Amino acid sequence: KFVQDFSMIIRMTQYLLSHLEIHEAGFSVLEFLNNSSVSLQEIDAIPYVVPKAAKNIIDARPIKSLEELDALPYVGVKAMQRMKIYAIEWIKNK
C-alpha cells in the first residue's frame, strides 16, 4: 500500500511540474510574440512557422493566451513547440 501511495504521489508531482513548465514556457512565448520589437521576419524565421502564421501572429497582437495563439490559422503544434524554444532563448539573451 505504501509503495502504491508513494508511486501516486510521484506521478502527481511529475504532472504538476510538467504543467508548471508549460505555464512558464507559455508566458515566455507570449512575452516574445507580443513584444513590438519582434518583427514579422523574426517570427517567420522560426522553424515550422510559415509566413501566413507569422502574419496572423503579428495581426493578432496582443495575444493573451496559448489557446488564443493555437486558434490562429496556420499555427500548428510543431510551430508552437519551436516558438517555445526560441522564446526562452530570446528572453535569456535580451
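Up top you'll find the structure we're talking about.
Residues numbered from 1 in each chain as written. Predicted model: local features only at pLDDT ≥ 70, side-chain atom pairs only at ≥ 80, totals over all residues. Heavy atoms only, no water.

By the element assignment, Leu69 lies in helix H4 (residues 66–70). Leu69 sits 11 residues away from Met80 along the chain, and the two C-alpha atoms are 8.4 Å apart. Apart from the residues lying within four places of it in its own chain, the contact partners of Leu69 are Val29, Leu33, Ile57, Ile63, Val75, Met80 and Met83. (Helix = DSSP H or I, 4+ residues; strand = E, 2+ residues; numbered from the N terminus. Contact = heavy atoms within 4.5 Å.)

With that out of the way, let us pick up the nonpolar core. Core analysis: the largest hydrophobic core is formed by 20 residues, its most contacted members being Ile57, Leu69 and Met83. Elements with a contribution of two residues or more to this core: helix H1 (2–34), helix H3 (51–60) and helix H5 (77–93). Ranked by residue count, the leading element in this core is H5, at five residues. (Core = buried A, V, L, I, M, F, W, Y, C linked by side-chain atoms within 4.5 Å. Buried < 20%, exposed > 50% of the residue type's maximum accessible area, 1.4 Å probe, protein only.)

Turning our attention to the packing of aromatic side chains. Applying the stated criterion across every chain, the model contains two aromatic pairs. On the basis of an interplanar angle of 70° and a centroid distance of 5.2 Å, the ring pair of Phe32 and Trp90 is categorised as edge-to-face. Placement of the pair is Phe32 in helix H1 and Trp90 in helix H5, with a sequence separation of 58 residues. Of the two residues, Phe32 and Trp90, neither departs from the other in class, the shared state being buried. Every member of this aromatic cluster is reached through a ring pair, and the members are Phe32, Tyr86 and Trp90. (Phe/Tyr/Trp six-rings, centres within 6.5 Å; stacked < 30°, edge-to-face > 60°.)

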